[in-house]
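Single-letter residue listing:
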Amino acid sequence: MSTVISVSGLQKSYGTNRAVAGVDLEIRQGEIFALLGPNGAGKTTTVEILEGFRHRDGGTVSVLGFDPATRGGAAQSWRDRIGIVLQSTHDAGDLTVLESVTHFAGYYTNPKNPREVLDLVGLSDKADSLGRTLSGGQRRRLDVALGIIGSPELIFLDEPTTGFDPEARRAFWGLIRKLRDEGATILLTTHYLDEAEALADRVAVINHGKIIEVSTPANLGGRATALATVSWREGGLLRTQETDSPTKFIAELSARFQGEIPELSAKRPSLEDIYLRMIGSEHE
Ligand code: ATP
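Here the structure is a predicted model, which means the values were calculated and not measured.

1. Structural notes on the overall build of the chain
On a plain count of helices and strands, the chain comes out with 9 helices and 12 strands. Oriented by its inertia axes, the alpha-carbon framework of the chain measures out at about 70 × 45 × 35 Å. Taken over 284 residues, the chain has a buried fraction of 45%. Counted over contacts in the chain with a minimum sequence separation of 6, partners at least 24 positions apart contribute 65%. Just so you have it, the chain exposes about 13,900 Å², and 48% of that area is on carbon and sulfur atoms. Within the chain, the 38 negative side-chain charges are centred at a point lying 2 Å from the centre of the 31 positive side-chain charges.

Shown next, in the form of structure tokens:
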């Protein structure tokens, strides 16, 4: 599988603040890759360097075969292949939703159909509404529509579902998977660990400008082999037991109870549990 983004030893400081302190990343074609980290970790700085919006102080970067800082003289054709949803929303308040999307479509060589894109992001019924009359979540959907209108091969999504209601988030996840299935590569930053778990093929955790780990959501921080917590009710009390072999433990419990075990549950740590542990241990 080919590499779409390749970053090595990336550095960026603001004065004495080392916002990005030696980041290495390889993102492969066709994957959804999530960058996770607390506020101020260096996610936006990293992503904006990859998008060509910020200058780096050091390291090498290749995005779709070009250095975003120079683009090898191919700025327009490179931009054409990239879709961007920034953290801050676009200000197209005096255009209707359809006008905005149609206007943006004009910037690209091979745009999608504006009405189809509005349908994809669930804004068809707002096509004729002015941008400034949209709710926060609807405006965010318009941002997503503007980010994908150019049929991009690579899509950057910076906290795309902030302000979405739960139903809109699920619909958005479906959309992102669809774009991936059509061949797009997606780099996502998010503070929602359930979003990373639902969407990402791989995640990277970044803190203080450094990558702590890159893994699948299932394996991050040794999650797949982490102890399971089995809980059940016995003698009127809720009992819990941590174990590395929950199947065996539950079989023994089942034999002891001679059947159904009251209020039985067995849980491995969630991605959020593991993430908080990783970030927390960094502060110790
Ligand atoms: P968040 O989750 O809050 O969006 P982030 O991981 O995207 O955070 P960045 O925005 O990359 O973090 O910020 C990394 C560090 O760089 C922070 O300490 C921030 O204060 C600093 N920083 C970011 N942009 C600038 C800027 N334009 N000028 C000065 N410092 C900046």
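Right, picking up where we left off after that structure.
2. Examining the layout of surface pockets
Counted as a void, the largest pocket has a volume near 280 Å³. In terms of residue count, helix H2 (residues 75–80) provides more of the lining of the largest pocket than any other element does, 3 residues in total. In the lining of the largest pocket, the residues fall into 8 nonpolar, 3 polar and 2 charged. By volume, the second largest pocket amounts to about 170 Å³. Lining the second largest pocket are Leu120, Val121, Gly122, Arg141, Val144, Phe164, Asp165, Glu167, Ala168, Ala171, Phe172 and Leu175. At the level of elements, helix H5 (136–148) and helix H6 (166–181) are the ones that each hand at least two residues to the lining of the second largest pocket. For the lining of the second largest pocket, the element with the highest residue contribution is H6, accounting for 5 residues. Within the lining of the second largest pocket, the residues separate by chemical class into 8 nonpolar, 1 polar and 3 charged.

3. A look at the site of the ligand
The local shell around the ligand holds 15 residues, among which Asn39, Gly40, Lys43, Thr44 and Thr45 are the closest. With respect to the ligand, the side chain of asparagine 39 contributes an N or O atom lying 2.9 Å from an oxygen atom. Arginine 54 has a polar side-chain atom sitting 3.1 Å from a nitrogen atom of the ligand. When isolated, the ligand has an accessible area of 640 Å², and the protein chains bury 63% of it. Breaking the shell around the ligand down by element, the ones donating at least two residues are strand S2 (17–28) and helix H1 (43–50). Among the elements that take part in the shell around the ligand, H1 stands out by supplying 3 residues, more than any other. For the shell around the ligand, the per-class residue count stands at 4 nonpolar, 8 polar and 3 charged.

4. Here we look at H5
Over its 13 residues, H5 runs 19 Å from end to end, which matches the ideal 18 Å to within 8%, given 1.5 Å per residue. Across the 13 residues of H5, 10 count as buried, placing the element largely inside the fold. Among the residues of H5, Gly137, Arg140, Arg141, Leu142, Asp143, Val144, Ala145, Leu146, Gly147 and Ile148 are the ones counted as buried. Buried residues belonging to H5 abut strand S5 (82–85), helix H3 (97–105), helix H4 (114–120), strand S6 (154–158) and H6.

5. What about the pattern of salt bridges?
Two side chains bearing opposite charge may form a pair once their charged atoms approach each other closely. In total, this model carries 17 salt bridges according to the counting rule given. One salt bridge connects aspartate 194 with arginine 169, and the closest N-O pair in it is separated by 3.1 Å. Linking aspartate 194 in helix H7 (residues 193–199) with arginine 169 in helix H6, this pair joins segments that are 25 residues apart in sequence. Using a relative accessible area of 40% as the deciding quantity, one classes aspartate 194 as partly exposed. A relative accessible area of 12% means that arginine 169 is categorised as buried.

About the criteria used
Residues numbered from 1 in each chain as written. Predicted model: local features only at pLDDT ≥ 70, side-chain atom pairs only at ≥ 80, totals over all residues. Heavy atoms only, no water. Helix = DSSP H or I, 4+ residues; strand = E, 2+ residues; numbered from the N terminus. Buried < 20%, exposed > 50% of the residue type's maximum accessible area, 1.4 Å probe, protein only. Contact = heavy atoms within 4.5 Å. Areas by Shrake-Rupley, 256 points an atom, 1.4 Å probe, with all protein chains shown as cover. Lys, Arg positive; Asp, Glu negative; His and termini not counted. Charge placed at Lys NZ, Arg CZ, Asp CG, Glu CD. 1 Å grid on protein atoms, 1.4 Å probe; cavity = no way out; pocket = protein on both sides within 12 Å on 5 of 7 lines; lining within 4 Å. Points joined across faces, edges and corners; volume = space filled by probe spheres on them. Nonpolar A, V, L, I, M, F, W, Y, C, P; charged D, E, K, R; others polar. Near = heavy atom within 4 Å. Polar contact = N/O pair within 3.5 Å; in protein donor to acceptor, adjacent residues only side chain to side chain. Expected span 1.5 Å × (residues − 1). Salt bridge = Lys/Arg side-chain N within 4 Å of Asp/Glu carboxyl O.

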